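Chain residues, written in single-letter form:
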Amino acid sequence: SFRGVAAMIFPMVKKDAQDVVIRTSSEKIEGVIYKMPEGRLLDMLNKSTESFLAVSKARVYDIETGKLAFETEFLVVNKSHIVHIVGGYSLPEV
């Protein structure tokens, strides 16, 4: 089957899910990122070959009003727009 062949060519890489809160200049983004086991969030951010950070189950809030702007199952964030990122717990409401 195709899935069997694909699994042999592209082996599944186990990653750890981590809840994060990402702050940009105009938004607060809550969601889940997936990182390599034993890997650090800082290493993902400093990896110069990747300009974007994938976020699953993303909830995007307007930083001025604190209101939910939208939700999506998948979002990519340009790392150059990140002001700060907190992993492992949620921040208080803005």
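Bear in mind that the values here come from a model prediction, so they are computed numbers and not experimental data.

So, how was this worked out
Residues numbered from 1 in each chain as written. Predicted model: local features only at pLDDT ≥ 70, side-chain atom pairs only at ≥ 80, totals over all residues. Heavy atoms only, no water. Helix = DSSP H or I, 4+ residues; strand = E, 2+ residues; numbered from the N terminus. Salt bridge = Lys/Arg side-chain N within 4 Å of Asp/Glu carboxyl O. Buried < 20%, exposed > 50% of the residue type's maximum accessible area, 1.4 Å probe, protein only. Core = buried A, V, L, I, M, F, W, Y, C linked by side-chain atoms within 4.5 Å. Contact = heavy atoms within 4.5 Å. Pairing = 2+ DSSP bridges.

Caption draft 1: Structural view of the environment of Val32. Within the secondary structure, Val32 sits in strand β2 (residues 27-35). Between the C-alpha atom of Val32 and that of Phe74, which follows or precedes it by 42 residues, the distance is 9.4 Å.

Caption draft 2: Expanded view of the pattern of salt bridges. Here the structure, examined in full by the defined rule, presents 4 salt bridges. The closest approach of N and O atoms between Arg40 and Asp43, which form a salt bridge, is 2.8 Å. Among the residues examined, Arg40 registers a relative accessible area of 48% and is labelled partly exposed. The class of Asp43 is partly exposed, set by a relative accessible area of 39%.

Caption draft 3: Region of the structure containing the nonpolar core. One finds Ile22, Ile29, Val55 and Ile85 to be the most contacted residues of the largest nonpolar core, which totals 13 residues. Listing elements by their share of this core, those giving two or more residues are β1 (16-23), β2, β3 (52-62) and β4 (68-78). Broken down by element, this core gets its largest block of residues, 4 residues, from β3. In this view, Ile22 contacts Glu27, Lys28, Ile29, Leu53, Val55, Ile82, His84 and Ile85; residues no more than four positions away in its chain are not counted.

Caption draft 4: Broad picture of the pairing of β2. Counted residue by residue, β2 has 7 buried out of 9 residues, so it is predominantly covered. As defined by bridge partners, β1 adjoins β2 across 8 bridges and the pair is classed as antiparallel. Across the sheet, the residue bridging to Ile22 is Ile29, located in β2. Counting the residues between successive antiparallel strands, the hairpin from β1 to β2 contains 3 residues. Note: β2 against β3, 5 bridges, orientation antiparallel. Residue pairing in the sheet places Glu27 in a bridge with Asp62 of β3.

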